[in-house]
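Chain by chain, the residues run as shown.
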Amino acid sequence: MSQLPTKPPFTMTAADRVLLEIQRAIVAGEIAPGTKISEPELARRFDLSRAPLREALARLERCHLIERLPNIGARVVKLSVAGLSSLYQIREELEGLACRLAAEHMSDSDINELQQLLDLHLSTQRVREGESYYQEAGDVDFHYRIIQGSNNPYLINILCDELYYLVRMYRVQLGMNGPRVSRAFDEHKAILTAIANRDGELADLLMRRHIAASRRNIENHLQQLGK
């Protein structure tokens, strides 16, 4: 199996570096939902001056990982049933559309690479045994690759920049383990088959059903946690 393509290197600024580090920590739950943001504490933790830190925090706010509330200040967004419902309503509609467009625009080689990606996911023991289905962000995320394959810059901006890491926060902390794992992987395979057959209507329908099932799974977890 050939290696998946990687993006060319780029020059990373101090704000870029701290953005990625805080972003990863929030998505993974290392900085817990609802945590109040302390600029002095973060500046010490990441050995960073206030200007690039504030730039990074502003970018985190734009991608909805941080929110500013009256009389409270900045805090990490909380995970809730109401927030999940609002986010996944948008996700279901737009990723369904992304699948429809991907069936039209993805090349045969793009589709082959997406199949290689699923083969790579299946090769991990945790997926094979139905334990967990963790996908790193970006080009090794099945959903990310399909959105990129839509070839629609506005759709890509909304789903891969503005909302992507908030979706990942719900997926990583609440939706990537348990009985849902095997079903989710099988749903990915069915979606890819529809795209490969250039059946955009079916790919759209299957993605909407897939995201709706994921929402119900995460919603159950949130309700068990009393959120």
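Right above here is the structure, for reference.
Anyway, here's the lowdown on the structure attached to this text. This one's a predicted model, so the numbers in the text were calculated from it and none came from an experiment.

1. So, the overall build of the chain
Each helix and strand in the chain was counted, giving 11 helices and 2 strands. Looking at the chain residue by residue over its 227 residues, the buried ones come to 44%. Sequence-distant contacts, at least 24 apart, represent 78% of the contacts inside the chain between residues at least 6 apart. Accessible surface, the chain as shown: approximately 11800 Å² in total, 50% of it carbon and sulfur.

2. Observations concerning the pairing of strand β1 (residues 66-69)
Sheet topology places β1 next to strand β2 (residues 73-76); 4 bridges connect them, and they run antiparallel. Bridging across to β2, L69 finds its partner in G73. The antiparallel hairpin formed by β1 and β2 contains 3 residues in its connecting segment, where N71 sits at a positive phi of about 65°.

3. Here's the deal with the pattern of salt bridges
Inspection of the entire model under this criterion finds 18 salt bridges. We note a salt bridge from E30 to R24, for which the minimum N-O separation is 2.9 Å. Owing to a relative accessible area of 47%, R24 belongs among the partly exposed residues under this scheme. The residue E113 makes a salt bridge to R145 at a minimum N-O spacing of 3.5 Å. Separated by 32 residues along the polypeptide, E113 in helix α5 (residues 108-122) and R145 in helix α7 (residues 142-149) bring together distant segments of the chain. Accessibility expressed as a relative area gives 23% for E113, which makes it partly exposed. Residue classification places R145 among the buried positions, given a relative accessible area of 11%.

4. What about unusual backbone geometry?
One non-glycine residue, N151, lies in the positive phi region at around 65°. Looking at where N151 falls in the secondary structure, it is placed in the loop between α7 and α8 (153-162). Exposure remark for N151: the relative accessible area of 56% places this residue in the exposed category. Although it is not a glycine, R198 sits at a positive phi angle of roughly 60°. Its location among the elements puts R198 in the loop between α10 (180-196) and α11 (200-224). A relative accessible area of 36% places R198 in the partly exposed class.

5. A word on helix α9 (residues 164-174)
An α-helix turns once every 3.6 residues. As a result, residues three or four positions apart point the same way. Judged by how many residues are buried, α9 sits mostly within the fold: 9 of 11 residues are covered. Of all the residues in α9, the buried ones are Y164, L166, V167, R168, M169, Y170, R171, V172 and L174.

Thresholds applied
- Residues numbered from 1 in each chain as written.
- Predicted model: local features only at pLDDT ≥ 70, side-chain atom pairs only at ≥ 80, totals over all residues.
- Heavy atoms only, no water.
- Helix = DSSP H or I, 4+ residues; strand = E, 2+ residues; numbered from the N terminus.
- Buried < 20%, exposed > 50% of the residue type's maximum accessible area, 1.4 Å probe, protein only.
- Contact = heavy atoms within 4.5 Å.
- Areas by Shrake-Rupley, 256 points an atom, 1.4 Å probe, with all protein chains shown as cover.
- Pairing = 2+ DSSP bridges.
- Salt bridge = Lys/Arg side-chain N within 4 Å of Asp/Glu carboxyl O.

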